[in-house]
Protein chains: 4
Amino acid sequence: MSNRIGNSISVQIFGQSHSKVIGCVIEGLPAGFTPDIERIQKDLDRRRGGKNRYSTARSEADEPYILSGLVDGVTCGAPLCVSFKNKDTKSGDYSELRDKPRPGHADYTAYVRTGGHNDIRGGGEFSGRLTLPLCFAGSLCKQLLEIKGVYIGAHIASVGIVNDVLYDPVNLTRQDLEPEGFPVLDKDVQEVMERYMTEIAEEGDSVGGVIECAAIGMPAGYGSPMFEGVEGEIAKIIFGIPAIKGIEFGAGFGVAQMKGSQNNDPFEYDGRKIVTQTNNAGGILGGITNGMPVIFRCAVKPTPSIAKEQNTVNLQRKTNDTLIIKGRHDPCIVPRAVPVVEAACAIALINLL
Amino acid sequence: MSNRIGNSISVQIFGQSHSKVIGCVIEGLPAGFTPDIERIQKDLDRRRGGKNRYSTARSEADEPYILSGLVDGVTCGAPLCVSFKNKDTKSGDYSELRDKPRPGHADYTAYVRTGGHNDIRGGGEFSGRLTLPLCFAGSLCKQLLEIKGVYIGAHIASVGIVNDVLYDPVNLTRQDLEPEGFPVLDKDVQEVMERYMTEIAEEGDSVGGVIECAAIGMPAGYGSPMFEGVEGEIAKIIFGIPAIKGIEFGAGFGVAQMKGSQNNDPFEYDGRKIVTQTNNAGGILGGITNGMPVIFRCAVKPTPSIAKEQNTVNLQRKTNDTLIIKGRHDPCIVPRAVPVVEAACAIALINLL
Amino acid sequence: MSNRIGNSISVQIFGQSHSKVIGCVIEGLPAGFTPDIERIQKDLDRRRGGKNRYSTARSEADEPYILSGLVDGVTCGAPLCVSFKNKDTKSGDYSELRDKPRPGHADYTAYVRTGGHNDIRGGGEFSGRLTLPLCFAGSLCKQLLEIKGVYIGAHIASVGIVNDVLYDPVNLTRQDLEPEGFPVLDKDVQEVMERYMTEIAEEGDSVGGVIECAAIGMPAGYGSPMFEGVEGEIAKIIFGIPAIKGIEFGAGFGVAQMKGSQNNDPFEYDGRKIVTQTNNAGGILGGITNGMPVIFRCAVKPTPSIAKEQNTVNLQRKTNDTLIIKGRHDPCIVPRAVPVVEAACAIALINLL
Amino acid sequence: MSNRIGNSISVQIFGQSHSKVIGCVIEGLPAGFTPDIERIQKDLDRRRGGKNRYSTARSEADEPYILSGLVDGVTCGAPLCVSFKNKDTKSGDYSELRDKPRPGHADYTAYVRTGGHNDIRGGGEFSGRLTLPLCFAGSLCKQLLEIKGVYIGAHIASVGIVNDVLYDPVNLTRQDLEPEGFPVLDKDVQEVMERYMTEIAEEGDSVGGVIECAAIGMPAGYGSPMFEGVEGEIAKIIFGIPAIKGIEFGAGFGVAQMKGSQNNDPFEYDGRKIVTQTNNAGGILGGITNGMPVIFRCAVKPTPSIAKEQNTVNLQRKTNDTLIIKGRHDPCIVPRAVPVVEAACAIALINLL
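Now for a quick tour of the structure. This is a predicted model, so every value here is computed, not measured.

The next thing to look at is the sheet that holds strand 7 (residues 80-85) of chain C. Residue and element names in this part refer to chain C. An order of 1-2-3-7-4 is seen for the 5 strands of this open sheet, with the pairing classed as antiparallel. Of all the strands in the sheet, the pair left with one neighbour each is strand 1 (4-5) and strand 4 (65-68). Examined bridge by bridge, strand 1 and strand 2 (residues 10-14) share 2 bridges and lie antiparallel to one another. Across the sheet, residue Ile5 finds its bridge partner in strand 2, namely Val11.

Structure follows, in C-alpha cells:
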C-alpha cells in the first residue's frame, strides 16, 4: 500500500489537499508513552507556510486533532489516529488543470493512473500538504528515538547556488542537530539564501536545493544486509516525500571519484568503543549501522508550480497548449521540507530499532 | 526479510560466499513462460570475474542449476529455485579477519549484529558473490519485461575520474541500451578507462564509479504516490547491491541548482502520444511513470579490499592494529556491477507492472 | 500490523470503544467508483444494536463521515477514510474493571500486553464496536464484488440449541443470500430463536452460535497453494472478528468422519462449464477456487459480559475476587455479527480477485 | 507470496513432488544457534511414509542437505537453505491425469490457474510432499521455542469413527505432548485405529480425521487484537497444509451451544501466577495469549486419491468421463500429518514471540 510505511511502527496517511481533513493512523506505538504534543507542534510549525515571501500564502493552523489511541494523553496500544482540518482551500483555482496538466507535477501521471478520476484540487493526494501528517508521525517517532538516545536533525545544505557548510560527519553533537531559527549551520548563509529565494519568487520562478540529515546515537548493529539495509529503508521513505529526486549516504556520489585507500574509514578504539577516523560510509556498512553518525543528503527539485507561462497539452482537445498557473505556491520548498526529512528519517530508524 | 524483495514476483536469496551453494527462490512467475537460459548465462558472464587484470582472480563457472519450478523448460507456476556451486573458495585466506575487521567492509557491523557468529569466509552473506543469483533473477525478469515491450540497459557513467557520455534522456533506443563488449557508450572511453583501472590495480588500490541505467517502453501510469513511488521501489532494491552509496533519478542532484522553469519538462503531443520535451524527471512524476525513459544513476564505492596496509582494531585484544588484506579482489567492481544494476532495475519494474 | 488487513485493498482500523471517533482507512480502491452509501448504511443498520431485548441498550446512529478519498461521491484513488462518532458512551461503568479482569474478555491479556496502559473503557480496542468500520469497509467491497458478479451472504446457522437449515452448497442463488429481515433461511426458526435469546437474556446469561457464509459467482482459479490459499485468507480475517473461535469450509469438521469416496466431489460438465456434483470442498481445492459456491461456517462464542457473578482476580491486591459486570451488553451477538462476517468475507475475496 | 510464511522468521518453500529437489529457505534465525539435526530427523521420520499398510509405498530417505546458513553447524545469521532429493518418483503414473482431473485434488483448479502449465507429476506443488520442508522448518522452530520454555505436541484426536481422548486443557505436561510411538494419548486406541485404517485401505478407500495440537509455556501477552491474533496467525499457516478444512480453538465449535456462564474461564491466582479454572478459550483472549495452554484441533479430509472408479471430466474432449487412479497413496494421512501440524504451530508461535 503506497500511503503506508513501516513494519513495527506503521504510518498510514490519508487525505487530499482539499479533502475535509487529512491525517494518519500510527500503529505499533508502545503503550504507556506520553507524547509531548507541544514539541510536535513546533515541528509542524517549522513545516508550515504563510510566513514570508518565499513560501505559499496558504495559511493553515495545522493543529492536530487526536481521534484515537490516547487515553488521558498516554498511548494505550491502540492505533493513534490524528487529523488536521483543511480550511484555507480555494478549490476554484484548479478548474483549468483538469485539462492542462502542469509540467513537473503529477497531474498527467495521476490522470493516466486513475482514468481521469484523480482529485485535481490542490494536487489531490500528491500535494505537499500530505507531508503534514508525515511530519506529525515522524516528530512523534523522534521522541521515541530520544528515549533510546538517538537524535535526528537536518539543515539546508544548499538552495540553488547558495551553499551552507555540511555536518562534521565524525564529531556531530545534539547542538549541531538543533539549530535555532532558519535551518542552516552557518548563520551568515541565511541572509544570502533568503534574499536569493525572494529574488527567485519575484521572477515568478522557483528553485531546488539539498537537505542534509543526520542521526547520532544509533548503536552499531541495526539494519540488515541486502534489501533491508539502512540505506534502502531510509531511501524508500525519503522518496515518499514529493519532489525528492536523489539521495546519497556519507560521501555519496563522491565515492565514485575516490580510491579505496581514501574512502575506507579506518577503525580505532576511542577508549570506550570502536569508532571510525573518517565517516565516508555515513555510519552504514553492509546495510548495518556502525555506531557513527548516520548521514545522508537528498535533492529537492524546484517547486513545479511557477508563475511563468509553460508549454503543455490539452487532454480534452488533444492539442498542444500553454498554461499559466494561478494559486499560491512556494517558490522554494526546501526550508519547509527540513522537518519533513527529519520526520521521514525518524520513521525509518524507529522501525530498525 | 532482508534477503527477499518483491511482492508480485519475489526473489529470496540464500547463501554465503563460501557456502556449498548460493542461489535464490523466485516466486510469482507466470506459468507457461519459457526462459531463455542461454541469454541469462550471457548476463551472468558479463558479471563474472577472472577475465582481466582489474577484476578478481577467483574463477567460477557460474552455471545455474534449476532445482524446481520448470517442467521441460517451462515455468509451471511453482517457485523457481536456482543454485550455483561455490567451487573456487580459499577459506584459509580469511582467518585473520575474524579479529581484525576490514575497513569499509561489513566485518565489524556483521560481528556486532550476529554476536560474532557471522560467516567471515569471503565476506559471508555480505559478499558481492550474492549478486550472482540476483543477476539471474533480474535477467529472467528482463525477459518478462521484453514481452511487455520494456527494455533495460546500463553502462558505466564514470570510473574514478574517467567519464563516459550519458544517455540521451529523451531519445533513447534499444540499441543504446545494449552496447557490445565493454559497457560504455563512447567506445573511445574504453581504453582510457581500462588503463586507468589497471593502474589503480597496480597501485594496490581500488576505485569507485557511477553506473547509469535506463528502461524504455514503460507505459505511463505505473507506480504510486508516496511510499510506493517508482523512485523508492527502485532505490530500495538498488541499495540492496553491496557498495551502492547514492542514487539519483533524471536530473538527480542537478535539480538542486535548477529553477522550476528549467527543470519542468514541458508536455507535448508527438502525434501519437504525450511526451515531454526534456526528461529531467527521469520518466517519473509523483512516483508514477510518465511514459518517458526511466533513468537513474547510482554511485558505487571503491572495493574496500585493497592491498595497502590499513588501520583497524583487534576485536580480540581490544587494541588498535594494522591489517594487510590478502586474497583476490576486484580493484574496480563497476564493470561487473553493470548487469547487476540492470537486474535490480528489472526486478523493481516487473513488480510495478 | 494487527489492525490492518489486505494487500490489494487494505483496511486500517482505528479507534476504541470510547475514543472520540472510530473508523478506518481503505486504500487501494479503484478510482472512478461511486459507492452506494445508502446500501452500506443498511448493512451498518443490520449490525447496529439497541433494537430489541437480546441486544445491547447502547444506541448509536452509526452514521459514516467520509473524510477523504471521495470527490463528489466518486473515488479518486486516494485512501478513503471514514469515521463514526462515539456518542453514547458511559465510561463510568468500567472503573472497577481496571483491577478485576472480566472472564472471557481481553481485559487481562490486554493488561499484560500493554503493561496496564490499555484503554479499559468499553473494552477499548477489543470492543465489538470496532467491527463497525470493518462492516463499512466490507460492505463497500461487496459492491465492488458485485460488479464482478460475486455475491456474498450469511445467515445464522444456530444460536445455542436452535438450528436454522444450512445453505444448499451446490445450488445457491442470490435470493438465498439476501433473506429479508431476521437472518435465517427457515422463517419458522425466527420465533423460536428470538424467544430463546430473550430467555437467555432474562437469565442474565448469554449464548453463542454459528454463522454460515457463502459467496457465489467466484470464478475458478483464484487463490494460491499453501499459505495464500482461500481458506487461510478468509480464516485470517474472520478470526479478526472478536469472539470467533472456529472456522470450517465446505463439509468442514465433517470430513473427519468421511471416506474419500464420500468426500470427493465428482466433476461434471453442466453443459456450459465444469461443476462438481457435491460441494464438500466448499468451493476450494488446493487453496484455489473451483467455481462452486465458497462456503464456510464460523463459531461465535457467547458474549463474555453476563450479569451473573463470576470468579476473577484482583490485579491490584493480587487476590482472588468476584465480579458482577454492569453496563449494557448483547446476550447474543450472533444476529449482529452476520453482516460483519459477510464484510470480512468480502474483504478477503476482493483481495483475491 | 503463497509459498512463504512468517515475518520475523520466514520460511520460503520450493519444489514440486517430482522436481529434482524440494526444500526451503529459512530467514531470520538468530545467529549462534546450533540446531540439533538428529532431532529434526526424528520429526521428519515421524512424517515419512512407506512403513505400513495404511501409508504410501513411496519411500524416500528424506535426508536434509543444508546448503547455506550454517558454519560448522552453527547459524551465522544468513538464510538457511535446506534441500531434500526426490528419488523415488514414478512420473509415468500421472500421464492420464493431465486430461482427467482427480476429484478432491487440485488438478482442476491448478489447471485453471496456470492455463494448463501446472506440474501434474505427483500433484506438483500441491503434493503433500511439500510438507517435508515445512516439517523441517517447524521442527527447527520447536527447538528455538524450547529455549524459551515453550513446548508443542500433537496427537490424533480421531480417524473416521475412531476417537482418541483429548488433551486436558488446563493441566497439560511435556509428557502429554511427547507420546512414544503411534501418536494417540490412549494407547488402547492404537490397535483399533490401525485396524480401521487397514480396512479402509483394503476397500480401496480413504478416511479423514482430526488432529489436536497444543503448546504449553507460552507466556501471557503475545499476539495482537484483530488481524494478528493468535488464532488467525495459527489458522493461516495450518490452512497451508493440504487437506485441512477446519480449525477450532479451545472449546471451538462447542462454544456455539454454550452459555456465557459456562464458556467464560474464571481467573484465579494459583499462588505464583494468574490461571484460568477452565480453558475454553484455548489459551487465547482477544487474540492474545493468556498463559494457559494454547490448544486447537484441525480437520483433515480423507486422501482424495482412492482406488475406486470416480466420475470426472475429460478436459481435452470436454466430456464427462470416469477415472481410476493408479499410483501410491496414503489411505489416511492423519498419522503422518501430526508432526506437520506441530511444525506449522511452531512457525506461527515463534513469529509471535
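From this point, things continue past the structure.
Turning our attention to the nonpolar core. If you look at the biggest cluster of nonpolar residues, it comprises 153 residues, and the most contacted ones within it are C:Ile247 and D:Ile247. Excluding anything up to four places from it in sequence, D:Ile247 contacts C:Phe239, C:Gly246, C:Ile247, C:Phe253, D:Ile234, D:Ala235, D:Ile238, D:Phe239, D:Phe253, D:Phe296, D:Arg297 and D:Cys298. If you look at the next biggest cluster of nonpolar residues, it comprises 152 residues, including A:Leu80, B:Ile26, B:Met197 and B:Ile284.

Right, let's talk about the interface of chain A and chain B for a bit. Facing 100 residues of chain A, the contacting portion of chain B comprises 100 residues. Of the roughly 7700 Å² buried between chain A and chain B, counting both surfaces, carbon and sulfur atoms make up 64%. Inspection of the chain A/chain B interface yields 6 salt bridges. The partner of A:Lys259 in a salt bridge is B:Glu203, and the shortest N-O contact between them spans 3.1 Å. Inspection of the chain A/chain B interface yields 43 residue pairs in polar contact (both at pLDDT 80 or more).

Bringing the relation of the copies chain A and chain B into the picture now. Relative to chain B, chain A is turned by 180° and slid 0.0 Å along the rotation axis, the superposed coordinates differing by an RMSD of 0.0 Å. As the rotation angle and translation indicate, the two copies are arranged about a two-fold axis. Most of the interface of chain A is mirrored in chain B, where 100% of its interface residues are also at the interface.

This part is about the packing of helix 3 (residues 131-147) of chain B against helix 8 (residues 334-350) of chain B. All names here are of chain B. Interaxial distance between helix 3 and helix 8 falls to 7 Å at its minimum, and their mutual angle equals 55°. On the basis of the axis angle, helix 3 is oblique to helix 8. As for the relative orientation of helix 3 and helix 8, their crossing is left-handed in sense. Contacts from Thr131, Leu134, Cys135, Ala137, Gly138, Ser139, Cys141, Lys142, Leu144 and Leu145 of helix 3 reach helix 8 at Pro339, Val340, Glu342, Ala343, Ala346, Ile347, Leu349 and Ile350. Tallied by class, residues from the contact of helix 3 with helix 8 come to 13 nonpolar, 3 polar and 2 charged.

Let us look at the interface of chain A and chain C. Tallying the contact residues gives 40 residues for chain A and 40 residues for chain C. When chain A packs against chain C, the two sides together hide about 2900 Å² of surface, and 59% of this comes from carbon and sulfur. On the chain A side of the interface with chain C, the three residues burying the most area are A:Met1, A:Glu27 and A:Leu67, jointly 21% of the side's total. Run the count over chain A and chain C and you get 0 salt bridges. Where chain A packs against chain C, one counts 10 residue pairs in polar contact (both at pLDDT 80 or more). At the level of secondary structure, the elements contributing two or more residues to the side of chain A that touches chain C comprise strand 2 (10-14), strand 3 (21-27), strand 4 (65-68), strand 5 (70-71) and strand 6 (74-75) of chain A.

Rules used in this analysis
Residues numbered from 1 in each chain as written. Chains lettered and ligands numbered in written order. Predicted model: local features only at pLDDT ≥ 70, side-chain atom pairs only at ≥ 80, totals over all residues. Heavy atoms only, no water. Pairing = 2+ DSSP bridges. Helix = DSSP H or I, 4+ residues; strand = E, 2+ residues; numbered from the N terminus. Core = buried A, V, L, I, M, F, W, Y, C linked by side-chain atoms within 4.5 Å. Buried < 20%, exposed > 50% of the residue type's maximum accessible area, 1.4 Å probe, protein only. Contact = heavy atoms within 4.5 Å. Buried area = accessible area lost by both parts, 1.4 Å probe. Salt bridge = Lys/Arg side-chain N within 4 Å of Asp/Glu carboxyl O. Polar contact = N/O pair within 3.5 Å; in protein donor to acceptor, adjacent residues only side chain to side chain. Least-squares fit on C-alpha atoms with pLDDT ≥ 70 in both. Axes fitted to C-alpha atoms, helices over the stretch in contact; angles between N-to-C directions. Parallel < 35°, antiparallel > 145°, perpendicular 65-115°, else oblique. Left-handed = near helix turned anticlockwise from the far one by under 90°. Nonpolar A, V, L, I, M, F, W, Y, C, P; charged D, E, K, R; others polar.

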